[in-house]
Every structure is written in structure tokens, then in C-alpha cells.
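Structure assessment
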Amino acid sequence: MDKKKYGALEQKISPKTPLLKNCLKAFVTGGVICLIAQIISLFYMTYFDFTERTASNPTIATMIFISMLLTGFGFYKKIGQFGGAGSAVPITGFGNAVISAAIEHKTEGYVLGVGGNIFKLAGSVIVFGVFSAFVVALVKTILVKLGVVGW
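All of the points below concern the structure found in this document. (Residues numbered from 1 in each chain as written. Predicted model: local features only at pLDDT ≥ 70, side-chain atom pairs only at ≥ 80, totals over all residues. Heavy atoms only, no water.)

Here we look at the packing of helix α3 (residues 56-72) against helix α4 (residues 75-83)
Worth spelling out the cut-off: Every axis in this analysis is a line fitted to C-alpha atoms, fitted for helices over the stretch in contact. Angles between the N-to-C directions lie between 0 and 180 degrees. Only DSSP runs of H or I covering at least 4 residues are called helices, and only runs of E covering at least 2 are called strands; the numbering of each starts at the N terminus. Any angle from 65 to 115 degrees is called roughly perpendicular, while one under 35 is roughly parallel, one over 145 is roughly antiparallel, and all others are oblique. We call two residues in contact whenever any of their non-hydrogen atoms come within 4.5 Å of each other. Under the grouping applied here, Gly and all other residues not named as nonpolar or charged are polar, the nonpolar ones being Ala, Val, Leu, Ile, Met, Phe, Trp, Tyr, Cys and Pro and the charged ones Asp, Glu, Lys and Arg.
As a packed pair, α3 and α4 sit with axes 5 Å apart at the nearest point and diverge in direction by 100°. Comparing their axes, α4 and α3 come out roughly perpendicular. Here S67, L70 and T71 of α3 lie close against α4, whose contacting residues are F75, Y76 and I79. When its residues are assigned to classes, the contact of α3 with α4 shows four nonpolar, two polar and no charged.

So this is what it looks like as C-alpha cells:
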């Protein structure tokens, strides 16, 4: 069978992907996750006297904690199956990925299994975050020293 015949056969028997439906489900899932985060942020601002700027850190920590709980109980997998990328893009996808690695490797022990594999994803995110913060602070400092901006 040549490449053309194989391509035609593949197109014929492959199921069609409902692209628009999948995009809509991802959009709704990501939107609901962001709505929940906004509600949590408003809760922190209302009851704990945070400002809009300072409420972001506890909100992010809470969302990561919730996603880790949902992953541990097996619910986040169902959210991911429904929403696809809509569940992976927000910060909750990071929490899910970190705890999934820990759960997957717990049979290898807490140090080499959980401890060694939990940072496969988290380690690179932490390194990138620290490096990015350094670069942004360096650029800001240079721009202030040059008088380009007056922060």
C-alpha cells in the first residue's frame, strides 16, 4: 500500500474530532475554574481584609490546594476528561500535575518515589519562576537607573 492509499484509508476510518465542541468545553471549564478563583479572591478581600493585589497569593495557594484534593480523590481526572485543556491551563493544572506525579510514584517510597518525582514538573516551574523574577527585576532596575521609567 502506498502513502496516498494509506492516507485515504486513514481519513476514511478515523473518527472525526468535534473541534468546536471540544473548544467550547475547554472554554467553559477554564471559565468555571477562573470564576471559582474570583469568588475565593473576593472571599479573602471581604472577610480577611486583603486588598485586590494582596488577595492573589492566598487565592492561588487555595486553588492549588483544591486541585490537589480533587486529584487525590480522583475527581480532577473527570474534570480533565470533560474540559481538556481548559482544566490544564489554569493554576489548578499545575497542582494536578504535581500531585499526580507523587501519587504515581508512591510505591517507590517517599524519598525516591514521591520526593524524587514530584519535582519533575514543579522543579522546572520553580526555576523558571525564580529566573523570570530575577530578569524582570534586573530590567526594571536598569530602566529606573537610566531614567526611562519612574517607578
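Next comes the rest of the description.
Describing the environment of I60
To be explicit about the condition: Relative accessibility thresholds used throughout: buried, under 20% of the residue-type maximum; exposed, over 50%; partly exposed, between the two (1.4 Å probe, protein chains only).
Here I60 shows up in helix α3. Overall, the relative accessible area of 39% leaves I60 in the partly exposed class.

Some details on the packing of aromatic side chains
Defined as follows: Any Phe, Tyr or Trp ring, taking Trp's six-membered ring, that has another such ring centre within 6.5 Å forms a pair; planes under 30 degrees apart are called stacked, those over 60 apart edge-to-face, and the others tilted.
Tallying each qualifying case throughout the model produces five aromatic pairs. Residues Y44 and F48 carry aromatic rings whose centres are separated by 5.8 Å and whose planes lie at 50° to one another, so their mutual orientation is tilted. Residue classification places Y44 among the buried positions, given a relative accessible area of 16%. Judged by its relative accessible area of 48%, F48 is partly exposed.

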